[in-house]
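Residue-level listing of the chains:
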Amino acid sequence: MSGRAVLNLARKLRRRARDLFPVEGFHFDRPLVLLQSDDWGRVGLRDRAGLEELRSGGIEIGERPYDFYTLETAEDLSALRALLCRHRDSAGQYASIGMNFIVANLDFARIEADDFRRIHLLPLGEGLPRGWNRPGLHDAYRQGVSDGVFHPGLHGVTHFCRPAVERQVASTGDRLDLLRTLWRAGTPYIHWRMPWVGFEYWDPEQPADERFLTATSQRELVGQSVGAFARFFSAVPRSACAPGYRADEDTHKAWAEYGVRVAQNGPGTLMPPHFDDYNTLHLYRSIEFEPATDPAFSVASSLRDIEMCFARGIPAVVSLHSINFHSSVRDFRSRSLELLHELLSALETKYPDLLYLHDENLCDLINRGSYENAQGLMRVNVTKKRTSKLGASQRTG
Ligand SMILES: [Zn+2]
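Every value quoted in this text rests on a predicted model; they were computed, and no experiment measured them. (Residues numbered from 1 in each chain as written. Predicted model: local features only at pLDDT ≥ 70, side-chain atom pairs only at ≥ 80, totals over all residues. Heavy atoms only, no water.)

Draft legend 1. Structural context of the nonpolar core. The biggest cluster of nonpolar side chains holds 94 residues, and the ones touching the most others in it are Val33, Leu80, Trp183, Trp255, Leu340 and Leu347. The element that contributes the greatest number of residues to this core is helix α8 (residues 215–233), accounting for seven residues. Leaving out residues up to four positions away in the same chain, Leu340 has contacts with Leu80, Leu83, Phe289, Leu320 and Phe325. In this structure, Phe28, Ala91, Cys363 and Leu365 belong to the second largest nonpolar core, which totals 17 residues. (Core = buried A, V, L, I, M, F, W, Y, C linked by side-chain atoms within 4.5 Å. Buried < 20%, exposed > 50% of the residue type's maximum accessible area, 1.4 Å probe, protein only. Helix = DSSP H or I, 4+ residues; strand = E, 2+ residues; numbered from the N terminus. Contact = heavy atoms within 4.5 Å.)

Laid out in C-alpha coordinates, this is it:
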(Lines give C-alpha, C1' and ligand atoms only; values in the text may rest on other atoms or scores of the structure.)
Protein backbone atom coordinates (compact mmCIF):
# COMPACT_ATOMS: atom_id res chain seq x y z
CA MET A 1 0.00 0.00 0.00
CA SER A 2 1.36 3.41 -0.93
CA GLY A 3 1.75 6.18 1.64
CA ARG A 4 -1.17 8.03 0.14
CA ALA A 5 -3.40 4.92 0.22
CA VAL A 6 -2.64 4.38 3.93
CA LEU A 7 -3.45 8.01 4.64
CA ASN A 8 -6.69 7.75 2.69
CA LEU A 9 -7.71 4.57 4.47
CA ALA A 10 -7.11 6.18 7.87
CA ARG A 11 -9.13 9.16 6.77
CA LYS A 12 -11.99 6.99 5.55
CA LEU A 13 -12.15 5.13 8.86
CA ARG A 14 -12.14 8.43 10.73
CA ARG A 15 -14.99 9.71 8.56
CA ARG A 16 -17.02 6.54 9.14
CA ALA A 17 -16.51 6.78 12.87
CA ARG A 18 -17.60 10.39 12.73
CA ASP A 19 -20.78 9.47 10.85
CA LEU A 20 -21.64 6.94 13.55
CA PHE A 21 -20.84 9.06 16.57
CA PRO A 22 -23.12 11.90 17.47
CA VAL A 23 -22.31 15.57 16.96
CA GLU A 24 -23.80 18.52 18.82
CA GLY A 25 -26.50 19.68 16.42
CA PHE A 26 -28.25 23.05 16.77
CA HIS A 27 -32.03 23.29 16.94
CA PHE A 28 -34.28 26.34 16.87
CA ASP A 29 -37.71 27.20 18.21
CA ARG A 30 -38.76 29.25 15.15
CA PRO A 31 -39.15 28.32 11.48
CA LEU A 32 -35.96 29.48 9.71
CA VAL A 33 -35.57 29.52 5.92
CA LEU A 34 -32.33 29.91 3.96
CA LEU A 35 -31.90 29.90 0.18
CA GLN A 36 -28.60 28.60 -1.23
CA SER A 37 -27.79 28.77 -4.92
CA ASP A 38 -24.79 27.63 -7.00
CA ASP A 39 -23.08 28.29 -10.32
CA TRP A 40 -23.28 32.09 -10.56
CA GLY A 41 -20.71 33.72 -12.84
CA ARG A 42 -19.97 30.53 -14.77
CA VAL A 43 -20.54 30.71 -18.52
CA GLY A 44 -22.15 27.81 -20.40
CA LEU A 45 -23.84 27.80 -23.80
CA ARG A 46 -22.92 31.10 -25.53
CA ASP A 47 -26.53 32.02 -26.18
CA ARG A 48 -28.08 31.60 -29.66
CA ALA A 49 -24.81 32.10 -31.55
CA GLY A 50 -23.08 29.43 -29.44
CA LEU A 51 -26.00 27.07 -29.91
CA GLU A 52 -25.85 27.41 -33.72
CA GLU A 53 -22.10 26.96 -33.69
CA LEU A 54 -22.27 23.79 -31.61
CA ARG A 55 -25.05 22.37 -33.77
CA SER A 56 -23.03 22.95 -36.89
CA GLY A 57 -20.10 21.28 -35.10
CA GLY A 58 -22.28 18.15 -34.77
CA ILE A 59 -23.46 18.52 -31.14
CA GLU A 60 -27.21 18.04 -30.82
CA ILE A 61 -27.98 20.72 -28.27
CA GLY A 62 -31.35 20.33 -26.57
CA GLU A 63 -31.39 16.81 -25.18
CA ARG A 64 -31.36 17.92 -21.54
CA PRO A 65 -32.11 21.18 -19.71
CA TYR A 66 -28.40 21.68 -18.90
CA ASP A 67 -27.75 22.02 -22.66
CA PHE A 68 -29.50 25.39 -22.25
CA TYR A 69 -27.47 26.51 -19.25
CA THR A 70 -26.11 29.89 -20.46
CA LEU A 71 -25.23 32.69 -18.00
CA GLU A 72 -27.46 35.03 -16.06
CA THR A 73 -28.16 38.45 -17.56
CA ALA A 74 -28.52 41.75 -15.69
CA GLU A 75 -32.25 41.44 -16.34
CA ASP A 76 -32.38 37.93 -14.83
CA LEU A 77 -30.73 39.32 -11.72
CA SER A 78 -33.00 42.31 -11.42
CA ALA A 79 -36.08 40.08 -11.80
CA LEU A 80 -34.80 37.83 -9.00
CA ARG A 81 -33.95 40.84 -6.84
CA ALA A 82 -37.44 42.29 -7.36
CA LEU A 83 -39.05 38.98 -6.42
CA LEU A 84 -37.04 38.70 -3.19
CA CYS A 85 -37.91 42.29 -2.29
CA ARG A 86 -41.60 41.34 -2.46
CA HIS A 87 -41.15 38.90 0.40
CA ARG A 88 -40.61 39.75 4.04
CA ASP A 89 -40.49 37.55 7.09
CA SER A 90 -42.30 38.05 10.39
CA ALA A 91 -39.61 40.53 11.49
CA GLY A 92 -39.88 42.60 8.28
CA GLN A 93 -36.65 41.22 6.77
CA TYR A 94 -36.55 40.57 3.02
CA ALA A 95 -36.04 37.05 1.70
CA SER A 96 -32.46 36.72 0.46
CA ILE A 97 -30.37 34.24 -1.48
CA GLY A 98 -26.84 32.95 -0.93
CA MET A 99 -25.22 32.90 -4.38
CA ASN A 100 -22.10 30.79 -4.78
CA PHE A 101 -19.76 32.06 -7.47
CA ILE A 102 -17.38 30.45 -9.91
CA VAL A 103 -14.76 33.17 -10.00
CA ALA A 104 -13.03 32.49 -13.33
CA ASN A 105 -13.96 31.41 -16.81
CA LEU A 106 -11.85 29.88 -19.55
CA ASP A 107 -10.01 32.45 -21.64
CA PHE A 108 -10.98 30.90 -24.99
CA ALA A 109 -9.03 33.43 -27.09
CA ARG A 110 -5.73 32.67 -25.31
CA ILE A 111 -6.42 28.93 -25.31
CA GLU A 112 -7.00 28.96 -29.06
CA ALA A 113 -3.88 31.11 -29.61
CA ASP A 114 -2.01 28.37 -27.73
CA ASP A 115 -3.48 25.74 -30.08
CA PHE A 116 -5.66 24.31 -27.27
CA ARG A 117 -2.61 22.96 -25.51
CA ARG A 118 -2.94 24.89 -22.25
CA ILE A 119 -5.76 26.08 -20.07
CA HIS A 120 -5.86 29.84 -19.52
CA LEU A 121 -8.25 31.43 -17.07
CA LEU A 122 -9.97 34.79 -17.05
CA PRO A 123 -10.96 35.98 -13.57
CA LEU A 124 -14.52 37.24 -13.31
CA GLY A 125 -13.22 40.67 -12.29
CA GLU A 126 -11.49 41.03 -15.67
CA GLY A 127 -14.66 40.46 -17.67
CA LEU A 128 -16.12 37.63 -19.71
CA PRO A 129 -14.42 35.50 -22.37
CA ARG A 130 -14.37 36.31 -26.08
CA GLY A 131 -17.80 36.38 -27.69
CA TRP A 132 -19.68 36.79 -24.42
CA ASN A 133 -21.80 39.85 -23.89
CA ARG A 134 -23.54 40.68 -20.63
CA PRO A 135 -23.98 44.44 -20.26
CA GLY A 136 -24.50 45.62 -16.69
CA LEU A 137 -23.92 42.20 -15.13
CA HIS A 138 -21.37 43.27 -12.53
CA ASP A 139 -23.55 46.20 -11.43
CA ALA A 140 -26.57 43.91 -11.23
CA TYR A 141 -24.75 41.58 -8.81
CA ARG A 142 -23.67 44.59 -6.76
CA GLN A 143 -27.13 46.08 -6.68
CA GLY A 144 -28.56 42.90 -5.17
CA VAL A 145 -25.73 42.81 -2.63
CA SER A 146 -26.28 46.41 -1.59
CA ASP A 147 -30.04 45.80 -1.31
CA GLY A 148 -29.18 42.96 1.09
CA VAL A 149 -30.94 40.27 -0.96
CA PHE A 150 -27.88 38.68 -2.66
CA HIS A 151 -25.17 37.18 -0.44
CA PRO A 152 -22.20 36.05 -2.52
CA GLY A 153 -20.41 32.89 -1.42
CA LEU A 154 -17.64 30.75 -2.83
CA HIS A 155 -18.20 27.91 -5.28
CA GLY A 156 -14.77 27.58 -6.90
CA VAL A 157 -12.34 28.70 -9.58
CA THR A 158 -13.46 26.58 -12.55
CA HIS A 159 -16.10 24.07 -11.31
CA PHE A 160 -14.45 21.28 -13.31
CA CYS A 161 -11.35 19.44 -12.08
CA ARG A 162 -8.38 21.09 -13.75
CA PRO A 163 -6.01 18.08 -13.71
CA ALA A 164 -8.77 15.92 -15.27
CA VAL A 165 -9.19 18.33 -18.18
CA GLU A 166 -5.46 18.99 -18.47
CA ARG A 167 -4.91 15.27 -19.05
CA GLN A 168 -7.21 15.39 -22.08
CA VAL A 169 -5.65 18.59 -23.36
CA ALA A 170 -2.25 16.83 -23.32
CA SER A 171 -3.54 13.82 -25.27
CA THR A 172 -5.39 13.19 -28.52
CA GLY A 173 -8.76 11.61 -29.24
CA ASP A 174 -12.52 12.20 -29.05
CA ARG A 175 -12.41 13.98 -25.73
CA LEU A 176 -9.92 16.56 -26.96
CA ASP A 177 -11.97 17.01 -30.15
CA LEU A 178 -15.09 17.63 -28.06
CA LEU A 179 -13.27 20.16 -25.87
CA ARG A 180 -12.00 22.01 -28.95
CA THR A 181 -15.46 22.16 -30.52
CA LEU A 182 -16.94 23.50 -27.29
CA TRP A 183 -14.12 25.96 -26.61
CA ARG A 184 -14.24 27.36 -30.15
CA ALA A 185 -17.93 28.07 -29.53
CA GLY A 186 -17.21 29.76 -26.18
CA THR A 187 -18.55 26.95 -23.95
CA PRO A 188 -16.24 25.39 -21.34
CA TYR A 189 -18.04 22.05 -20.98
CA ILE A 190 -21.49 20.49 -20.61
CA HIS A 191 -21.16 18.22 -17.61
CA TRP A 192 -23.71 15.50 -18.41
CA ARG A 193 -22.07 14.94 -21.81
CA MET A 194 -18.59 14.58 -20.30
CA PRO A 195 -18.68 13.69 -16.60
CA TRP A 196 -14.94 12.93 -16.85
CA VAL A 197 -14.31 16.68 -16.33
CA GLY A 198 -15.14 16.02 -12.67
CA PHE A 199 -15.51 18.72 -10.06
CA GLU A 200 -13.00 21.26 -8.81
CA TYR A 201 -11.49 19.18 -5.96
CA TRP A 202 -12.45 15.74 -7.31
CA ASP A 203 -10.94 13.83 -10.21
CA PRO A 204 -13.40 11.06 -11.16
CA GLU A 205 -11.03 8.84 -13.11
CA GLN A 206 -8.54 8.27 -10.31
CA PRO A 207 -8.76 5.15 -8.12
CA ALA A 208 -11.66 5.42 -5.66
CA ASP A 209 -9.47 6.43 -2.71
CA GLU A 210 -7.49 9.04 -4.60
CA ARG A 211 -10.17 11.07 -6.30
CA PHE A 212 -9.92 14.09 -4.05
CA LEU A 213 -6.99 16.30 -4.98
CA THR A 214 -4.19 16.49 -2.44
CA ALA A 215 -4.39 18.87 0.48
CA THR A 216 -1.73 21.07 -1.15
CA SER A 217 -3.57 21.32 -4.48
CA GLN A 218 -6.87 22.05 -2.76
CA ARG A 219 -5.31 24.71 -0.58
CA GLU A 220 -3.84 26.37 -3.65
CA LEU A 221 -7.18 26.33 -5.47
CA VAL A 222 -9.04 27.70 -2.47
CA GLY A 223 -6.43 30.47 -2.19
CA GLN A 224 -6.86 31.38 -5.86
CA SER A 225 -10.64 31.40 -5.61
CA VAL A 226 -10.67 33.52 -2.45
CA GLY A 227 -8.26 36.01 -4.11
CA ALA A 228 -10.37 36.36 -7.26
CA PHE A 229 -13.55 36.57 -5.18
CA ALA A 230 -12.07 39.34 -3.03
CA ARG A 231 -11.05 41.33 -6.11
CA PHE A 232 -14.53 41.03 -7.60
CA PHE A 233 -16.62 41.71 -4.49
CA SER A 234 -14.15 43.70 -2.34
CA ALA A 235 -14.89 41.24 0.47
CA VAL A 236 -13.79 37.76 1.43
CA PRO A 237 -16.26 34.87 1.19
CA ARG A 238 -17.68 33.64 4.50
CA SER A 239 -19.67 30.71 3.13
CA ALA A 240 -18.65 28.06 0.58
CA CYS A 241 -20.07 25.12 -1.33
CA ALA A 242 -17.79 22.75 -3.26
CA PRO A 243 -18.68 22.10 -6.93
CA GLY A 244 -20.66 18.85 -7.14
CA TYR A 245 -20.71 18.90 -3.29
CA ARG A 246 -17.35 17.14 -3.55
CA ALA A 247 -15.51 18.36 -0.49
CA ASP A 248 -13.40 16.41 2.00
CA GLU A 249 -11.60 17.25 5.20
CA ASP A 250 -8.78 18.94 3.26
CA THR A 251 -11.30 21.22 1.56
CA HIS A 252 -12.85 22.16 4.90
CA LYS A 253 -9.45 22.82 6.39
CA ALA A 254 -8.40 25.05 3.47
CA TRP A 255 -11.68 26.98 3.63
CA ALA A 256 -11.21 27.57 7.36
CA GLU A 257 -7.65 28.82 6.79
CA TYR A 258 -8.97 31.36 4.31
CA GLY A 259 -11.70 32.66 6.60
CA VAL A 260 -14.75 30.67 5.47
CA ARG A 261 -17.09 30.22 8.45
CA VAL A 262 -19.88 28.17 6.86
CA ALA A 263 -19.58 24.98 4.78
CA GLN A 264 -22.63 24.16 2.66
CA ASN A 265 -23.41 20.49 2.14
CA GLY A 266 -25.65 18.79 -0.40
CA PRO A 267 -29.07 17.26 0.16
CA GLY A 268 -29.86 13.76 1.37
CA THR A 269 -29.85 14.01 5.15
CA LEU A 270 -31.79 16.00 7.70
CA MET A 271 -28.66 16.88 9.66
CA PRO A 272 -28.95 19.87 11.97
CA PRO A 273 -26.25 22.56 11.69
CA HIS A 274 -23.09 21.62 13.58
CA PHE A 275 -19.43 22.61 13.86
CA ASP A 276 -16.47 20.64 12.56
CA ASP A 277 -12.92 20.37 13.98
CA TYR A 278 -11.99 23.67 12.29
CA ASN A 279 -14.84 25.55 13.94
CA THR A 280 -16.65 25.82 10.61
CA LEU A 281 -20.42 25.61 10.75
CA HIS A 282 -21.86 22.91 8.47
CA LEU A 283 -25.27 23.42 6.90
CA TYR A 284 -27.18 20.77 4.97
CA ARG A 285 -29.57 21.44 2.14
CA SER A 286 -32.84 19.64 2.58
CA ILE A 287 -35.17 21.01 -0.10
CA GLU A 288 -34.38 20.90 -3.80
CA PHE A 289 -36.15 23.70 -5.62
CA GLU A 290 -35.15 22.94 -9.22
CA PRO A 291 -38.12 23.48 -11.54
CA ALA A 292 -35.81 23.99 -14.56
CA THR A 293 -34.33 20.51 -14.33
CA ASP A 294 -36.73 18.40 -12.27
CA PRO A 295 -39.79 17.24 -14.24
CA ALA A 296 -41.40 16.02 -10.99
CA PHE A 297 -40.99 19.39 -9.24
CA SER A 298 -43.94 20.71 -7.26
CA VAL A 299 -44.37 23.51 -4.72
CA ALA A 300 -46.50 21.15 -2.61
CA SER A 301 -43.66 18.67 -2.18
CA SER A 302 -41.19 21.48 -1.38
CA LEU A 303 -43.61 22.63 1.32
CA ARG A 304 -43.79 19.11 2.74
CA ASP A 305 -39.99 18.90 2.91
CA ILE A 306 -39.82 22.28 4.61
CA GLU A 307 -42.44 21.21 7.13
CA MET A 308 -40.35 18.15 7.95
CA CYS A 309 -37.38 20.40 8.80
CA PHE A 310 -39.48 22.66 11.00
CA ALA A 311 -40.95 19.64 12.80
CA ARG A 312 -37.39 18.64 13.71
CA GLY A 313 -36.43 22.17 14.76
CA ILE A 314 -33.83 22.54 12.01
CA PRO A 315 -33.61 25.33 9.40
CA ALA A 316 -35.11 24.67 5.98
CA VAL A 317 -32.15 25.08 3.63
CA VAL A 318 -33.46 25.36 0.07
CA SER A 319 -31.15 24.50 -2.81
CA LEU A 320 -31.79 26.23 -6.13
CA HIS A 321 -29.25 26.44 -8.94
CA SER A 322 -28.65 29.50 -11.11
CA ILE A 323 -30.02 27.74 -14.25
CA ASN A 324 -33.53 28.24 -12.83
CA PHE A 325 -33.15 31.98 -13.38
CA HIS A 326 -31.55 31.92 -16.84
CA SER A 327 -33.54 33.18 -19.81
CA SER A 328 -31.22 34.02 -22.72
CA VAL A 329 -31.89 30.87 -24.79
CA ARG A 330 -34.64 29.11 -22.89
CA ASP A 331 -36.81 31.04 -20.47
CA PHE A 332 -36.42 29.07 -17.25
CA ARG A 333 -36.73 32.28 -15.27
CA SER A 334 -40.42 33.16 -15.61
CA ARG A 335 -41.73 29.86 -14.29
CA SER A 336 -39.10 29.58 -11.54
CA LEU A 337 -39.90 33.05 -10.24
CA GLU A 338 -43.62 32.31 -10.27
CA LEU A 339 -43.08 29.08 -8.33
CA LEU A 340 -40.69 30.70 -5.89
CA HIS A 341 -43.24 33.44 -5.28
CA GLU A 342 -45.84 30.76 -4.64
CA LEU A 343 -43.58 28.90 -2.22
CA LEU A 344 -42.54 31.96 -0.22
CA SER A 345 -46.11 33.29 -0.07
CA ALA A 346 -47.36 29.93 1.21
CA LEU A 347 -44.65 29.88 3.90
CA GLU A 348 -45.40 33.43 5.03
CA THR A 349 -49.09 32.60 5.38
CA LYS A 350 -48.61 29.27 7.08
CA TYR A 351 -45.87 30.29 9.54
CA PRO A 352 -46.59 33.69 11.10
CA ASP A 353 -43.27 33.57 12.99
CA LEU A 354 -41.16 32.71 9.90
CA LEU A 355 -37.64 34.14 9.61
CA TYR A 356 -35.52 34.50 6.43
CA LEU A 357 -31.81 34.25 7.16
CA HIS A 358 -28.59 33.88 5.25
CA ASP A 359 -25.65 31.68 6.22
CA GLU A 360 -23.80 34.31 8.22
CA ASN A 361 -26.95 35.24 10.16
CA LEU A 362 -27.29 31.62 11.22
CA CYS A 363 -23.63 31.48 12.22
CA ASP A 364 -24.05 34.61 14.36
CA LEU A 365 -27.25 33.24 15.87
CA ILE A 366 -25.52 30.03 16.94
CA ASN A 367 -22.43 31.81 18.26
CA ARG A 368 -24.18 34.66 20.06
CA GLY A 369 -27.86 33.75 20.38
CA SER A 370 -28.85 36.65 18.11
CA TYR A 371 -28.21 38.10 14.64
CA GLU A 372 -28.63 41.47 13.10
CA ASN A 373 -31.24 42.24 10.47
CA ALA A 374 -32.52 45.50 8.98
CA GLN A 375 -34.85 45.94 11.97
CA GLY A 376 -32.22 45.39 14.65
CA LEU A 377 -31.12 42.48 16.81
CA MET A 378 -33.10 39.24 16.41
CA ARG A 379 -33.05 36.67 19.18
CA VAL A 380 -34.05 33.05 18.67
CA ASN A 381 -33.72 30.19 21.16
CA VAL A 382 -31.00 27.76 20.16
CA THR A 383 -30.70 24.35 21.77
CA LYS A 384 -28.08 21.65 21.34
CA LYS A 385 -28.95 18.02 20.77
CA ARG A 386 -26.74 15.11 19.95
CA THR A 387 -27.39 13.69 16.47
CA SER A 388 -25.52 11.24 14.31
CA LYS A 389 -25.34 11.46 10.53
CA LEU A 390 -26.74 7.97 10.32
CA GLY A 391 -29.81 8.90 12.35
CA ALA A 392 -30.31 12.10 10.38
CA SER A 393 -30.41 10.26 7.06
CA GLN A 394 -33.43 8.25 8.12
CA ARG A 395 -36.15 10.62 7.07
CA THR A 396 -39.47 10.31 8.82
CA GLY A 397 -42.96 11.72 8.26
ZN1 LIG B 1 -22.15 23.90 -9.16
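Draft legend 2. Region of the structure containing the side chain of His27. Relative to the elements of secondary structure, His27 occurs in strand β1 (residues 23–28). On the basis of relative accessibility, which here comes to 8%, the residue His27 falls in the buried class. Those residues within four positions of His27 in sequence are excluded, and the remaining contacts are Pro272, Arg312, Gly313, Ile314, Asn381, Val382, Thr383, Lys385 and Thr387.

Draft legend 3. The pairing of strand β8 (residues 262–265), seen in detail. Where burial is concerned, the two faces of β8 agree: the one with Val262 and Gln264 and the one with Ala263 and Asn265 are both buried. Of the strand pairs in this sheet, strand β7 (residues 239–241) and β8 are connected by three bridges, and their pairing is parallel. When the sheet's bridge partners are listed, Ser239 is paired in β8 with Val262. Crossover β7 to β8 through helix α9 (residues 249–257) is right-handed. (Pairing = 2+ DSSP bridges. Right-handed = clockwise from strand over helix to strand, strands pointing away.)

Draft legend 4. How the structure looks around helix α2 (residues 47–56). For α2, the complete set of buried residues consists of Asp47, Gly50, Leu51 and Leu54. Buried positions in α2, seen along its axis, are confined to an arc of 100° and lie on one side of it. Positive backbone phi, approximately 95°, marks Gly58, located one or two places after α2. (Arc of directions from axis to C-beta.)

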